[in-house]
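Summary of the model geometry
Each chain is listed here by its residues.
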Amino acid sequence: MTLSDITLKKYGLVDGPFGSNLPASDYTSEGIPVIRGTNLSIGKYRFKDGNYVYVSKETAKRLHRCGCTPDDIIFTKKGTIGQVGIVPQTSKFKEFILSSNQMRLRLDKNVADPLFTYYYLSSPRISQKIIMEAMTTGVPKINLGYLKKFQIFFPPLPIQIEIASILSFYDALIENNKQRLKLLEEMAEEIYKEWFLRLRFPGYETAKFFNEEGKEVKHGMIGGLPEGWHKVKIGNAYSILGGGTPPTEIIEFWKDGSINWFSPTDITGSKSIFLNSSTKQITEIGLKNSSAKLFPEKSVMMTSRATIGAVGINLTKACTNQGFIICIPNENFPYQYIYEWIIANRNLIESYSTGATFKEISRGVFKNLDILKPSICIIKKFTELVEPIFEENQILNAKNQLLQQTRDLLLPRLISGKLSVEHLVEEVVHLPMAAEPEVKYKEQ
């Protein structure tokens, strides 16, 4: 069937309001939330229920045709094509308005299950189809006419509901792991703050503290540091590298490349702080003929242009383009400490960025920033404490990646009948939900 076959007859498939009908001046600080592109994604999330702008109830009433309610499916018509979302039933809001760049599909639930339809339309194959067909027009966009004619394969409604239930279980596992990841990251950040910002590290009660003049002071006094601790310039703390790009027109620099070459979008688009591979790879000859530098695994890659302070940790030897500052860990400054320092000091780092077209922080400026150098025994204790947290982070992200790949592969096989829905339902109900992180982390 086509999408127009499965929508309600009245206002089943509608456009967002023309820009002149919903200018930015109509936005308010509260009221009816507006669904924008920031609430959607390409297969990553069902819906981002937050970061709203609002309109008054009067404006929403005037634009009632563009209203949205739970279970409506939302498309981006221009901008990031391929984005699809489903308005959640769990949202605290029950009424929304489309922004100018979105379209809304409201289903006839006697024919189509909303969650199944969302999974179908957000699957990698369909997202890529929409993107490719939008690009053929010369201007990347889609419209209501395109959606009305868009064909979709529907099994009987009971099968749709069972398929959606199976895929939802995988989503529940992924979401559970995401919550665990968030908790783990918060644990590591809190330990860093407790030890190195509040200076309540193991043994601080009996430690001596001195100010910059070498005079002994009480713990907690401004400028006081534990005996043997110092502030040093980053340039004197650990090695810093930049990146480079081999000429893209020279095929042998890129074809069959085996060296990971990261760009900022690899970092900002990643769901994990650990990265196994980059979108593009370069060859050995490409590396030699560019300013890119190969650096060891578990270095700290920080974006230094436009988006400043996004961080990733490489799991293989790698190099980057020019949009990075690479921090090479050592015994005094392990990767966990450098990573947490950057997370805690993002605002400071960004405040030193300059540039008219886009903001950038240079390696020279970054090297001149101060970083705390604790005693080596405290650094070792910190590493021993947080390393299991970082390892668990890496394991959970790998599990999520596998769960998502499995979920995406299941959909076409379930629709085609190559996999039995009934058999898979029986197997899925016996999958264990992930447990909470070990209690020992919470205690520490």
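Note that the coordinates shown come from a computational prediction; the quantities given were computed from them, not determined experimentally.

On to the side chain of N321, then. When you line up the elements, N321 lands in the loop between β19 (318-320) and β20 (324-328). At 2.9 Å, the side chain of N321 and the backbone nitrogen of G323 are in polar contact. Non-local contacts of N321, meaning those with residues more than four positions away in its chain, are made with G243, G244, T245, W261, F262, S263 and P264.

On to helix α9 (residues 335-344), then. Within α9, nine of the 10 residues are buried, which leaves the element mostly enclosed by the surrounding structure. Among the residues making up α9, those that are buried are Y335, Q336, Y337, I338, Y339, E340, W341, I342 and I343.

What follows deals with the pattern of salt bridges. Counted by the stated rule, this structure contains 16 salt bridges. In this structure, K129 and E133 form a salt bridge, with 2.8 Å as the shortest nitrogen-oxygen distance. On the criterion of helical spacing, the pair formed by K129 and E133 is a turn pair, its members being four residues apart in helix α3 (residues 124-135). Here K129 falls in the partly exposed class, since its relative accessible area comes to 33%. Judged by its relative accessible area of 30%, E133 is partly exposed. As a salt-bridge pair, E190 and R198 come within 2.8 Å of each other at their nearest N and O atoms. Residue classification places R198 among the partly exposed residues on the basis of a relative accessible area of 32%. Sharing partners across several salt bridges, the network here consists of R46, D171, R407 and D408.

In terms of nonpolar packing, the biggest core is built from 50 residues, with Y238 and F366 touching the most fellow members. Not counting residues within four places of it along the chain, the set of residues in contact with F366 comprises I234, Y238, I240, M302, I325, C327, W341, I349 and I361. One finds I6, L144, F150 and I166 within the second-largest nonpolar core, a separate group that totals 40 residues.

Turning to the packing of helix α5 (residues 157-197) against α9, a few remarks are in order. Where α5 contacts α9, the axes come no closer than 10 Å and their chain directions differ by 85°. It follows from the interaxial angle that α5 and α9 lie roughly perpendicular. Contacts between α5 and α9 pair A188, E189, Y192 and F196 from the former with Y337, E340, W341, I343 and A344 from the latter. Its residues placed into classes, the contact of α5 with α9 shows seven nonpolar, no polar and two charged.

Attention shifts here to the sheet that holds strand β14 (residues 259-262). The mixed open sheet is built from three strands, whose spatial order is β16-β14-β19. Strands at the two margins of the open sheet, each flanked by one partner only, are β16 (280-282) and β19. The average angle at which neighbouring strand axes cross in this sheet is 40°, direction not considered. Where β14 and β19 come together, three bridges link them in parallel fashion. Within the sheet, the bridge partner assigned to W261 lies in β19 and is C319.

In this section: helix α2 (residues 114-122). Among the nine residues of α2, nine are classified as buried, and the element is accordingly described as predominantly covered. Considered for burial, the residues of α2 that qualify are P114, L115, F116, T117, Y118, Y119, Y120, L121 and S122. Buried residues belonging to α2 abut β5 (73-76), β6 (84-86), β8 (102-105), α3, α5 and α12 (376-416).

What follows covers the sheet that holds strand β1 (residues 13-15). Taken in spatial order, the four strands make up an open sheet running β1-β8-β5-β6, and their pairing is antiparallel. Edge positions in the sheet fall to β1 and β6, since each of these pairs with one other strand and no more. For this sheet, the mean angle separating the axes of adjacent strands, direction not counted, is 20°. Relative to β8, β5 is paired through four bridges, and the arrangement is antiparallel. Bridge assignment links I73 to a residue of β8, and that residue is L105. The strands touched by α2 within the sheet are β5, β6 and β8, with β6 carrying the most contacts at an inclination of about 165°.

What counts, and at which threshold
- Residues numbered from 1 in each chain as written.
- Predicted model: local features only at pLDDT ≥ 70, side-chain atom pairs only at ≥ 80, totals over all residues.
- Heavy atoms only, no water.
- Helix = DSSP H or I, 4+ residues; strand = E, 2+ residues; numbered from the N terminus.
- Polar contact = N/O pair within 3.5 Å; in protein donor to acceptor, adjacent residues only side chain to side chain.
- Contact = heavy atoms within 4.5 Å.
- Buried < 20%, exposed > 50% of the residue type's maximum accessible area, 1.4 Å probe, protein only.
- Salt bridge = Lys/Arg side-chain N within 4 Å of Asp/Glu carboxyl O.
- Core = buried A, V, L, I, M, F, W, Y, C linked by side-chain atoms within 4.5 Å.
- Axes fitted to C-alpha atoms, helices over the stretch in contact; angles between N-to-C directions.
- Parallel < 35°, antiparallel > 145°, perpendicular 65-115°, else oblique.
- Nonpolar A, V, L, I, M, F, W, Y, C, P; charged D, E, K, R; others polar.
- Pairing = 2+ DSSP bridges.

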